[in-house]
Structure formats: structure tokens, C-alpha cells
Amino acid sequence: MAALPQSIDETLTLLQSGDYVADRALATVIFLALKLGRPILLEGEAGVGKTEIAKVLAKTLGRDLIRLQCYEGLDVASAVYEWNYAGQMMAIRLAEAGGATDRTELENDVFSEKYLIKRPLLQALEPHVNGAPILLIDELDRTDEAFEAFLLEVLSDFQVTVPELGTIKAAHAPIVIVTSNRTREIHDALKRRCLYHWVGYPNAERELKILKSRAPDAPAKLSQEIVSFVQAIRKEDLFKAPGVAETLDWAQALVELDAVALDPELVTDTLGVLLKYQDDIQKMQASDLKAKIDSLKA
Amino acid sequence: MSGRLAENITFFARALREAGLPIGPGAVLDAVEAVEAAQIGTKQDFFWTLHAVFVKKHEHSAVFAQAFGLFWKRRALIEKIIATLSPHSPGAPPDDKKPDAGALRAAQALLKQSKNEEIKEEQIEFNARLTVSEREILQRKDFAQMTADEVRDARRLIETMQMPDDWVKTRRFRPDARGLRIDARRTLRAALRSGGNAMHLERRERAEVHPPVVAICDISGSMAEYTRTFLHFLHALTDKRRHVETFLFGTRLTNVTRALRRRDPDEALARCSEEVKDWAGGTRISTSLHRFNVDWSRRVLTQGAIVLLFTDGLERDGTTELGREMDRLHRSCRKLVWLNPLLRWGGFEAKAEGIRAMLPHVDEFRPIHNLNAMKTLVEALSAKPSLATDPRAWLRRAS
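Note that the structure is predicted; figures quoted are calculated from it, not measured. (Residues numbered from 1 in each chain as written. Chains lettered and ligands numbered in written order. Predicted model: local features only at pLDDT ≥ 70, side-chain atom pairs only at ≥ 80, totals over all residues. Heavy atoms only, no water.)

(A) Summary view of the sheet that holds strand 9 (residues 364-367) of chain B. Residues and elements named next belong to chain B. Overall, mixed pairing links the six strands, which are arranged 6-5-4-7-8-9 in an open sheet. The strands lining the two open edges of the sheet, one partner per strand, are strand 6 (253-255) and strand 9. Within this sheet the neighbouring strands show an average axis-to-axis angle of 20°, counted without direction. Set on the sheet, helix 12 (residues 285-300) makes contact with strand 4 (213-218), strand 5 (244-249), strand 6 and strand 7 (306-310); between it and strand 5 the angle comes to about 155°. The sheet contacts of helix 15 (residues 374-382) involve strand 7, strand 8 (335-340) and strand 9, and relative to strand 8 the element is tilted by about 145°. (Pairing = 2+ DSSP bridges. Helix = DSSP H or I, 4+ residues; strand = E, 2+ residues; numbered from the N terminus. Axes fitted to C-alpha atoms, helices over the stretch in contact; angles between N-to-C directions. Contact = heavy atoms within 4.5 Å.)

Right, here's the structure in full:
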């Protein structure tokens, strides 16, 4: 377990050591969250590296990563805890067959930790060998308001109540990272609890650094061209602009194809790695790709 | 930490609030704590530290940046604060001078001035546009006040409204004696209560909720006479249902959801009137739908949303563009319902080019005889799908 960073600069270095190229704004938010023990809410388009932040933090700080992937209809049974009903029923049957008569004792036995199945939120509150874990609550916008309200309670006190067992409280609060793709607005009350940061597309300089650190196999000239091209098409009126994840995928794809420089034919053939909507691909193919690529090289 | 810092942050928070950011007193305390924790060395760090606490929405970022510049520029305030905060310097000599008497007012005035500048810029932009597009007319709109009867009738009508397919099953469960699935938890608890001799199986079923409704309404000149009715309808609907998002468009798209959340219908409509700049002017359906598709569709068309599109479909610009945008919209939502008031003329046929471009991409086409009364609007929405609402039938009839 590594010590928490003591300044914004240290935070930047820490992220850098995990191959995450962050800007100073993001480092500031992460530093403050660690220092003040507040959850971070990261919003941004898909593929800009929100989830990655949690993974890198877990790796560099040497903490366990507990991930709760949200989806519509996520409920307490799959997020916090559930009882092992089959096991419980078996226990009741066996007790009956054995002629047990004390109902209170049976109830205490059946509703004990032995039959409790712990889901991510409860796991995050337990003591961990590597120190307080990183709790990643991914794509919160996919779940509904009811779950959000429940989460609010967990995030303010870091405790959960299991009616049959009592309240379970974390000795050390986990480091919480919440991400959202903004397919719906997160409620103000939850936002108030968190430090907010909008993860935007990186500028050319930072994107090149990311590419060099994550796809070191790509030739320098090709990397430069890839970044310029992606930066240029992000400015166009597309339904979904490519994220950093797409840039990296594309770079990997081009390396696999042994490309050393961009040419219109190569771009046309691999456009599907970069753009995921047919309208966008058509629009790009219809435009003058050659002129675009030439202008990048100029 | 010096009281001066807390004071200045309080003033800054007030200035932000004035500029429209929702900032509670808790945020001010958080900000002071954060600034102390961050050991700030540069102006940039100070900016991002306050940003992390005060900005809770991407849209507010620009306002924050502007207010930050205006507020902290004064009297080299920021340098002094950094000097006292920086771990490298032992602390700047204390500033004995009291803050200027008008400091707060000055900041507010600055902010107000900047708002005016924004408006000016917008007007310039509009003037420039006027030369290329002939039809954008910016104007205010005054709605007649609602009578008490109207408000009461609206409530009652919304209660009775039953849109087809208006329930979606969620993935959550509720107890239901006739449900198909067994509720293990309740079964087990009941078994314990009864001593475990005979087990009564408790059951559960999927809970159902209303899907979100997204209304996209045309408020151009040709629709002007209906605007009041459908805004009133949407206000009542916003009041009644969980998720209703409303967008108005003439030549540009405006989201008026927050305005319609005001409880009082007159106040809500007055708010709308303030926010929208292009009442009763020209129409650019495809441009407006394009903006919706790019900026909003992914944010509001979730969890099986139904889209209600109020427009007469009289588009003058390119109809191929319109077809493409309608197609995109149609594929992003669960159901697309088009309400068209053109049927007020008895022999309406889907002949206009814009209408023919839009029809293939809607699930239901609901023409309305008289959109002036909310009753007919509710009836049109509640009607069972039939040949009269089938867009393909309308296309066939017209060809």
C-alpha cells in the first residue's frame, strides 16, 4: 500500500507512474478527494478515460478495486447484499429433521453472516488488508433515481443497515469514484456530496503523450498523424466524436497493419475503428479525405 | 487560516450565485476546507480547487471561469491569498486595510455587466445571421393568463389521459399475489413465522412505471395559435409525471424543462417566454432536430422514452436532411408520436414535401382537428392506434 500523495504535483507523478496522462485540473480534483475523503464524480463522453482513473489509482496506490457496474433496475440485492436462500432453507429443513424446537435460535442461525452474500457496496465497507479499497461506481446514469437515493445514504455515512444483522460501518472510508456518461442528469443532492470533474477530450499535446505511453509500438510520425487527424475530426459535426479509447484502438489497428503513415485508402478501410455510427462513417467517406490528410502533413 | 480568505470565498460564492450557479452555504465551507488542504502555489491551482467544489455541471464551467476572472482580478487578491497559503513562503504581511466598502457590489456589478455583454454579443450574432437567413425573427410572446377553470380542467384531463404503450416494465420487483416469480425472501420470513411446517410461496412481479416523455414543439408562426394550449398541456404533464422534458424550436432549439417545472402555470409560461427568443418566426425543423440529436438525445432519450413531436411539418429547407434527422431521432427513442394540427382542414393529405419526408420515420401520426382545446389534444393522445394513426396509411393515401 502506497502513501497518499501530499500535493497536486505528487498526484500528477502518481498518475504518470500508472501510465495515465492527466491534466492539472484532474490532478487537483483527485488530490482534494483523497485529502478530504470525498467521492469524485467524473462525467464525460464515452471513451475519455473515466473508468481508467479508478483502475490506475488502485494500481498505483496498491489498493483493492471494487467495481459496481450500474444498470437499469440495479437493486439492493445485487448492489449490497443478499441472503443465500437455498442454504437457509436447507438449514431450516435440517433443523426440523433434527427436532429443533427453539425458533429464536434457528432464526439467529439462519440470518447470520454465514448465509450473507456480500455484493460490491458491502465489500467496500469491510476492512481490507491493503487499506481502504477504491470503490468504482461505474455509469451511475444507467440506474434509476431510487438507487441513487440509496447510494446517497451509503456515501454520506459509509454504512449499510441489514435489518437482520444490524448496521455495518466502514472503519476506513473507501475512496469512491463515481462515473457518468450523462445519459441523464445525476440528482443535485448526490452531486453536492461529490467533487465534480468533467473529463473532456485531451488537447493534441496531451493526446500524443497518452498515445506514446499507451501504444509505444506506433512509429512517432504515425502517432503524430493519428493525433492530428483525430483532433481534426472531433471538430466536425459528428453524431459521436471519437474518444481517447478509439484513438488508442485505431493506433493499435494501424500498427497491426504495419502502417507507417496515413493515406486515404488506409483511413477509409479502418474508419470503423474510430467512428461507430454509420452516418458518421458515410459523412467522413464522402468528404475529401485526401485533402484532410495532406493538410495534416503540411 | 485568515478570516479574510473565508470572507472572500463567501463573496465569490455570492457572486456565483448571482450568476446563476446553485451554490449552498455548505459549498462555501467545503471550498475553504479545500483551499486550505490544497496548499495552493499557483493561480491555476486556486482556480481548479474552487472549480472542483463549486461547479457541479459541465455547463456551469464557463460561467465559473468568467466570474473567477472578474472577481479575483481585483486588487491582485489572488496573489495575496497564494502568498499566505503557499507552503514555500512563511506568509505575506497581513493586509490591515479593510476590504473596499463596495467590494461585493462591485463584483456583482461586474458580473451584471458581463451578462449584458453576452446579450449584446448574441444580438450582433443575430444581426449577422439576418443577412444570410431571411426568416429568423426574434420576439417575445405574452400569453393570456390561465383561468381557474382552465387549470382545474387541465388537471382532470391529465388524470384521465391514457396513452397507448404508456407503461414499461422495470427490472425491479414488487410483491404481487398473482405474480409469476417466487419471492424467496418473503417466503422464507413467512416460513419462519409459521414454524416451517408448510411453506406458503410468496410471489412477486415486475414493477411498471410510466416511461419518460420528451416533447419537441414547433413554435413558429404557422403553429403560433396552438402554442399556449400545448405548453399548458405540457406544464400539467410535467406536474403529474416523473420525467417530462420539453424543447421548443422555431429557428433554434431551446430546452424549457426547468421553466415548466414552476408550479404556477402563468409563471411557467412567462418563464418560457423569457427563455425562448424565436417565438412565431420561421421554422428550421431539420436544423433544430439536428441540434436535438447531437446535443440532447443521448441525455434525455433513456429508459424507453416516448417522443411527442408537435409540428405541422412545413419545412422549406432540404427535405433529405429532414428525413435523415427524423430517422436518427426515430432510432434513438422507443416510440415517436407526431401530432399535426393540419387536419383542421377537412381534406388534409400528406402531400407537402416536408411531411412526406417525415412520415416514414414516425411510429404514430396523430392529426388533430383542433389543437386549441386541451381536450382534443388529450383525446388524440389517448386514441387506440388504428388506420387513422398509421403513418404508412397516410403515405399510401396521398400517393
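From this point, the discussion proceeds with the structure in view.
(B) The arrangement of the environment of Arg 119 of chain A in detail. Residues and elements named next belong to chain A. Structurally, the position occupied by Arg 119 is in the loop between strand 4 (116-118) and helix 7 (120-125). A residue is classified by how much of its surface remains accessible, and Arg 119, at 25% relative accessible area, is partly exposed. It is 5.0 Å that separates the C-alpha atoms of Arg 119 and Tyr 81, two residues lying 38 residues apart in sequence. Once you skip the residues sitting within four places of it in the chain, Arg 119 turns out to touch Ala 77, Ser 78, Ala 79, Val 80, Tyr 81 and Glu 82. Within the structure, the side chain of Arg 119 is placed 3.0 Å from the side chain of Glu 82, a separation counted as a polar contact. (Buried < 20%, exposed > 50% of the residue type's maximum accessible area, 1.4 Å probe, protein only. Polar contact = N/O pair within 3.5 Å; in protein donor to acceptor, adjacent residues only side chain to side chain.)

(C) View of the pattern of salt bridges. Enumeration according to the criterion identifies 35 salt bridges over all chains in this entry. Here Arg 366 of chain B and Glu 364 of chain B are joined by a salt bridge, their closest N and O atoms 2.6 Å apart. For Arg 366 of chain B, a relative accessible area of 2% corresponds to the buried category. Shared partners join several salt bridges into a network, and the residues in it are Arg 182, Glu 185 and Lys 191 of chain A together with Glu 59 and Arg 299 of chain B. (Salt bridge = Lys/Arg side-chain N within 4 Å of Asp/Glu carboxyl O.)

(D) Here's a closer look at the environment of Phe 365 of chain B. All names here are of chain B. Structurally, Phe 365 can be placed in strand 9. With relative accessibility at 0%, the residue Phe 365 sits in the buried group. Placed 163 residues apart in sequence, Phe 365 and Glu 202 show a C-alpha to C-alpha distance of 44 Å. Not counting residues up to four positions away in its chain, the partners in contact with Phe 365 are Trp 338, Asn 340, Phe 348, Leu 359, Ala 388, Thr 389, Pro 391 and Trp 394.

(E) Focus on helix 1 (residues 8-17) of chain A. All names here are of chain A. Within helix 1 the residues assigned to the buried category are Ile 8, Thr 11, Leu 14 and Leu 15. Along the axis of helix 1, the buried residues cluster in a sector spanning 115°; they form a single face. Turned more than 90 degrees away from the buried face of helix 1 sit Thr 13 and Ser 17, all of them exposed. Immediately beyond the C-terminal end of helix 1, within one or two residues, lies Asp 19, with a positive phi of roughly 60°. (Arc of directions from axis to C-beta.)

(F) Seen up close, the packing of helix 3 (residues 43-54) of chain B against helix 4 (residues 60-73) of chain B. Residues and elements named next belong to chain B. Where helix 3 meets helix 4, the axes come as close as 11 Å, and the angle between the chain directions of the two elements is 130°. Classified by the angle their axes make, helix 3 and helix 4 are oblique. Here the hand of the crossing between helix 3 and helix 4 comes out right-handed. Residue-level contacts link Lys 43, Phe 46, Phe 47, Leu 50, His 51 and Phe 54 of helix 3 to Ser 61, Phe 64, Ala 65, Phe 68 and Trp 72 of helix 4. Here the residues of the contact of helix 3 with helix 4 are counted per class, giving eight nonpolar, two polar and one charged. (Parallel < 35°, antiparallel > 145°, perpendicular 65-115°, else oblique. Left-handed = near helix turned anticlockwise from the far one by under 90°. Nonpolar A, V, L, I, M, F, W, Y, C, P; charged D, E, K, R; others polar.)

(G) Molecular detail of the interface of chain A and chain B. Facing 53 residues of chain A, the contacting portion of chain B comprises 42 residues. Here chain A meets chain B over a buried area of about 4400 Å², counting both sides, of which 52% is carbon and sulfur. When the buried area of chain A at its contact with chain B is split by residue, Arg 182, Tyr 196 and Phe 239 of chain A rank highest and sum to 15% of it. At the boundary of chain A with chain B, the tally comes to seven salt bridges. Close ionic contact of Asp 45 of chain B with Arg 24 of chain A constitutes a salt bridge, the shortest N to O distance being 2.5 Å. Viewed at the interface, chain B and chain A are joined by 18 residue pairs in polar contact (both at pLDDT 80 or more). Mapped onto the side of chain A that touches chain B, the elements with two or more residues apiece are helix 2 (24-36), strand 3 (81-83), helix 5 (85-97), helix 6 (103-110), helix 8 (145-157), helix 9 (188-193) and strand 9 (195-198) of chain A. No other element matches helix 2 of chain A, which puts eight residues into the side of chain A that touches chain B. (Buried area = accessible area lost by both parts, 1.4 Å probe.)

(H) Main features of the packing of helix 13 (residues 264-274) of chain A against helix 14 (residues 278-286) of chain A. All names here are of chain A. Interaxial distance between helix 13 and helix 14 falls to 10 Å at its minimum, and their mutual angle equals 160°. By the angle between their directions, the pair helix 13 and helix 14 is classed as roughly antiparallel. In the packing of helix 13 onto helix 14, the handedness of the crossing is right-handed. Residues Thr 268, Leu 271 and Gly 272 of helix 13 pack against Ile 281, Met 284 and Gln 285 of helix 14. Taken together, the residues of the contact of helix 13 with helix 14 break down into three nonpolar, three polar and no charged.

(I) View of empty space enclosed by the protein. Residue and element names in this part refer to chain B. Under the counting rule described, the total for this entry stands at three cavities of 30 Å³ or more. By volume, the largest cavity is sized at about 60 Å³. Elements with a contribution of two residues or more to the lining of the largest cavity: helix 7 (148-160) and helix 9 (227-240). By residue number, the principal contributor to the lining of the largest cavity is helix 9, which donates four residues. (1 Å grid on protein atoms, 1.4 Å probe; cavity = no way out; pocket = protein on both sides within 12 Å on 5 of 7 lines; lining within 4 Å. Points joined across faces, edges and corners; volume = space filled by probe spheres on them.)

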